[in-house]
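# Coordinate analysis (summary)
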Amino acid sequence: MNIKFDIQKPINQLAVFLMLIGCCFMLLSAITGIIIHFEKDTTNANRIISLVSQLVVFLLPCLILTIWLQKCGKTDYLRTKTYPQWTDFLLVVLIMTVSIPFLSAVIEWNENIVLPEKMADLEQWMKNMEEQATQITEEMLFTNNWKILLVNVLIIGLLPAICEEVLFRGVVLNWLLEIVKNKHIAIFVSAFLFSFIHFQFYGFVPRMLLGILFAYLVLYSGSLWTSIFAHFLNNSMAVITAYAYYNGYIQTNYEKFGSFEGVWYAIVLSLILTSLALYLFFKKHQSNKKENYHK
């Protein structure tokens, strides 16, 4: 009996993708061991491991699955063949800029969440995870070498923007759209997974909001490049402000940049302006959004 494996079925896509992820994790483990053995500088080793993990675990399995699906007729599975107009990039810049005070307020609220006393062990574990992640990040970000700044923009700004968007707003979102048949549920679940996978729970809510934003940008514009650009802006602003703070060019650390603590009207104004900017973006792409949901 000949049983044909249909890669276009969502359950088969999931099975193949999980298998690819598992293989790539094993490959990453081997590569990480080699990096740690030969690179004695911990910070440089973390930069290299960050670069390799993005490429091997996030990007590689997505590309393999996408190539397979394209051979079966899904010609633009990742929505990378549709290129945004220059006005789309301007609107994305506007959205990401005016949203900074609002997102900063959400970050501050998320950081100050206190769990019930009976969950103290979980809370302490979460705080330890956050502190470790912050320490590793700051060791990479804080430098007075402009060449290292450019490397950080590549490794922390551009590369995660490409790899994470291909994974979460490309493969994961498409798979969820086929399963649940509801774009809003698919967007929220993909954003939840996007935030959860970072294992930084005191930044969970703002990261999930960004995931929701990126997904709507993709579905309305029909192009993954819009969310890649937005993601790149978000990451690179943190990289550049951290560099500027460390070298004394500004007095505000990257984690507090754009924050208006206690100035509620600035936060409300930020939310209103963000909503207006999003309305302009969505209105611009209103005519083709239905096609993009099921492309």
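In short, a report on the structure. Computed from a prediction, not measured in an experiment: that's the story for all the values here. (Residues numbered from 1 in each chain as written. Predicted model: local features only at pLDDT ≥ 70, side-chain atom pairs only at ≥ 80, totals over all residues. Heavy atoms only, no water.)

### Describing the side chain of Ser270
By the element assignment, Ser270 lies in helix H10 (residues 264-284). Polar contacts involving the side chain of Ser270 include one to the main-chain amide nitrogen of Phe102, which spans 3.1 Å. If we skip the residues at most four places from it in the chain, Ser270 touches Val98, Ser99, Ile100, Pro101 and Phe102. (Helix = DSSP H or I, 4+ residues; strand = E, 2+ residues; numbered from the N terminus. Polar contact = N/O pair within 3.5 Å; in protein donor to acceptor, adjacent residues only side chain to side chain. Contact = heavy atoms within 4.5 Å.)

### Let's talk about the packing of aromatic side chains
In this structure the tally under the stated criterion is 17 aromatic pairs. When the ring of Tyr83 is compared with that of Trp225, the centres are 6.4 Å apart and the planes differ by 15°; the resulting orientation is stacked. With a gap of 142 residues between them, Tyr83 in the loop between helix H2 (42-71) and helix H3 (86-98) and Trp225 in helix H9 (residues 224-246) connect regions that are remote in the sequence. Of the residues examined, Tyr83 reaches a relative accessible area of 60% and is grouped as exposed. A relative accessible area of 33% places Trp225 in the partly exposed class. With a centroid separation of 6.4 Å and 45° between ring planes, the pair formed by Phe142 and Tyr245 is classed as tilted. (Phe/Tyr/Trp six-rings, centres within 6.5 Å; stacked < 30°, edge-to-face > 60°. Buried < 20%, exposed > 50% of the residue type's maximum accessible area, 1.4 Å probe, protein only.)

### Focus: the layout of surface pockets
Approximately 260 Å³ is the volume attributed to the second largest pocket. Taken together, 13 residues line the second largest pocket, and the ones lying closest to its centre are Phe102, Leu209, Leu213, Thr274 and Leu278. Going through the elements one at a time, helix H4 (100-111), helix H8 (204-221) and H10 are the ones with two or more residues in the lining of the second largest pocket. Residues that form the lining of the second largest pocket fall into these classes: 10 nonpolar, 3 polar and no charged. (1 Å grid on protein atoms, 1.4 Å probe; cavity = no way out; pocket = protein on both sides within 12 Å on 5 of 7 lines; lining within 4 Å. Points joined across faces, edges and corners; volume = space filled by probe spheres on them. Nonpolar A, V, L, I, M, F, W, Y, C, P; charged D, E, K, R; others polar.)

### Some points on the pattern of salt bridges
Under the counting rule described, the total for this entry stands at 3 salt bridges. The residue Asp88 makes a salt bridge to Lys284 at a minimum N-O spacing of 3.0 Å. With Asp88 in helix H3 and Lys284 in helix H10, this residue pair connects regions lying 196 residues apart in the sequence. Exposure remark for Lys284: the relative accessible area of 32% places this residue in the partly exposed category. (Salt bridge = Lys/Arg side-chain N within 4 Å of Asp/Glu carboxyl O.)

### Quick look at the packing of helix H6 (residues 146-180) against H8
Two packed helices can be described by the angle between their axes and the distance between those axes. Between H6 and H8, the least distance of the axes is 11 Å, while the angle of their chain directions is 70°. As summarised for this structure, H6 and H8 are arranged roughly perpendicular, according to the angle between their axes. Across the interface between the two elements, Glu165, Arg169, Leu173 and Leu177 of H6 pack against Gly211, Phe214, Ala215, Val218 and Leu219 of H8. Residues of the contact of H6 with H8, tallied by class, amount to 6 nonpolar, 1 polar and 2 charged. (Axes fitted to C-alpha atoms, helices over the stretch in contact; angles between N-to-C directions. Parallel < 35°, antiparallel > 145°, perpendicular 65-115°, else oblique.)

### Some thoughts on the nonpolar core
Most often, soluble globular proteins have nonpolar side chains that are buried together. Counting residues in each nonpolar core, the largest one holds 60 residues, and the members touching the most others are Leu65, Met96, Leu213, Leu217 and Phe281. For this core, the elements supplying multiple residues, two or more each, are helix H1 (10-38), H2, H3, H6, helix H7 (183-196), H8, H9 and H10. Among the elements that take part in this core, H8 stands out by supplying 12 residues, more than any other. Residues Leu141, Val239, Ala242 and Tyr243 belong to the second largest nonpolar core, which totals 9 residues. (Core = buried A, V, L, I, M, F, W, Y, C linked by side-chain atoms within 4.5 Å.)

### A look at a nonpolar patch on the surface
There is a patch of nonpolar side chains on the surface, built from Ile179, Val180, Ile185, Val189, Phe192, Leu193, Phe196, Ile197 and Phe199 and spanning about 690 Å² of accessible area. Counting residues per element, the ones that place at least two in the nonpolar patch are H6 and H7. At 5 residues, the largest contribution of residues to the nonpolar patch is made by H7. Mapped onto the fold, Val180 is located in helix H6. Given the relative accessible area of 33%, Val180 is considered partly exposed. (Patch = residues over 30% accessible without salt bridge, like charges linked within 9 Å, V, L, I, M, F, W, Y side chains within 5 Å. Areas by Shrake-Rupley, 256 points an atom, 1.4 Å probe, with all protein chains shown as cover.)

### With respect to the environment of Phe199
Topologically, Phe199 is positioned in the loop between H7 and H8. Between the C-alpha atoms of Phe199 and Met129, which are 70 residues apart in sequence, the distance is 7.4 Å.

### Some thoughts on the packing of H6 against H7
Axis separation between H6 and H7 bottoms out at 9 Å; the angle between their running directions is 140°. Comparing their axes, H7 and H6 come out oblique. Read as a crossing pair, H6 and H7 show a hand that is right-handed. Seen from H6, the contacting residues are Glu164, Phe168, Arg169, Val172, Leu173, Leu176, Leu177 and Val180; seen from H7, they are Lys183, Ile185, Ala186, Ile187, Val189, Ser190, Leu193 and Phe194. In terms of residue class, the contact of H6 with H7 is made up of 12 nonpolar, 1 polar and 3 charged. (Left-handed = near helix turned anticlockwise from the far one by under 90°.)

### Things to note about unusual backbone geometry
A negative phi angle characterises most non-glycine residues, just as the trans form characterises most peptide bonds. At Lys181, a residue that is not glycine, the phi angle is positive and equals roughly 60°. Mapped onto the secondary structure, Lys181 falls in the loop between H6 and H7. Within the chain, Phe199 stands out as a residue other than glycine whose phi angle is a positive 55°. With relative accessibility at 34%, the residue Phe199 sits in the partly exposed group.

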